[in-house]
Amino acid sequence: YVPGSFVEGFYKFSGYRLTYRYLISNTPKLTVGIGLTLNLRDAEFSLKQGSQYERNYNRGVVPLVNTYVNYSVTKKLGLLIDGDVFYIDKTGGAIDYLSGISYSLNPNLSLKLGYRFFSGVGSEIGNVYNKLFVSSVVIGAVLIAGAKAPKLVSKELVSEMSAGSVIVDIAVDQGGCIETCKP
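Because the structure is predicted, anything quoted here is derived from the model rather than measured.

The rules behind the values
Residues numbered from 1 in each chain as written. Predicted model: local features only at pLDDT ≥ 70, side-chain atom pairs only at ≥ 80, totals over all residues. Heavy atoms only, no water. Patch = residues over 30% accessible without salt bridge, like charges linked within 9 Å, V, L, I, M, F, W, Y side chains within 5 Å. Areas by Shrake-Rupley, 256 points an atom, 1.4 Å probe, with all protein chains shown as cover. Salt bridge = Lys/Arg side-chain N within 4 Å of Asp/Glu carboxyl O. Lys, Arg positive; Asp, Glu negative; His and termini not counted. Charge placed at Lys NZ, Arg CZ, Asp CG, Glu CD. Helix = DSSP H or I, 4+ residues; strand = E, 2+ residues; numbered from the N terminus. Buried < 20%, exposed > 50% of the residue type's maximum accessible area, 1.4 Å probe, protein only. Pairing = 2+ DSSP bridges. 1 Å grid on protein atoms, 1.4 Å probe; cavity = no way out; pocket = protein on both sides within 12 Å on 5 of 7 lines; lining within 4 Å. Points joined across faces, edges and corners; volume = space filled by probe spheres on them. Nonpolar A, V, L, I, M, F, W, Y, C, P; charged D, E, K, R; others polar.

**Comments concerning a positive patch on the surface**
Residues Lys148, Lys151, Lys155 and Lys182 make up a contiguous surface patch of positive charge. Here Lys148 is to be found in the loop between β7 (137-140) and α2 (155-159). Overall, the relative accessible area of 69% leaves Lys148 in the exposed class.

This is the structure we're talking about:
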């Protein structure tokens, strides 16, 4: 790609989850469960500049531990915490949870409404958790007013990414947050 020229980009990420949950407690007031979720990911990223076109796919299965707690306020309405956790020692993990309310339509079907949050963490400062190894696209964006951006992605982590992966370091004006970035 020609530096300084317009590049058109496209990114799509689809995730599908299948969860098996064992209920530890299932009383009229409190339901507590633990289980396994298989997260099926299907991602696509493409770049186009003039006649040059690149496309990269990332598909796979990620096993997650599922936890579920629902406190019934009424027969149909409950307070809910439902989510998945993924953790690997020394590389970090991810947390994906929903806090909200549940409304039971029948004994086997309910609606959920709430706030969903996702967080990826590294176990050490400067270490990016394992999603980097399965990513087709990494976008670094760090701004610390009046200071250089911290190096969040080492050249060792970059070297372990899939061939054809794309890295965009938006923090380049502050020295870049990816070690291999050249301002």
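From this point on, the discussion continues.
**Notes on the pairing of strand β1 (residues 8-26)**
As defined by bridge partners, β1 adjoins strand β2 (residues 30-49) across 18 bridges and the pair is classed as antiparallel. Within the sheet, the bridge partner assigned to Tyr22 lies in β2 and is Ile34. Linking two consecutive strands that pair antiparallel, namely β1 and β2, is a turn of three residues.

**Digging into the layout of surface pockets**
The calculated volume of the second largest pocket comes to roughly 400 Å³. For the second largest pocket, the lining is made up of 14 residues, of which Ser104, Asn106, Pro107, Asn108 and Ser110 are closest to its centre. Secondary-structure elements contributing two or more residues to the lining of the second largest pocket are β3 (52-72), β5 (92-106) and β6 (109-121). Among the elements that line the lining of the second largest pocket, the one with the most residues is β5, at four residues. Tallied by class, the residues present in the lining of the second largest pocket amount to four nonpolar, six polar and four charged.

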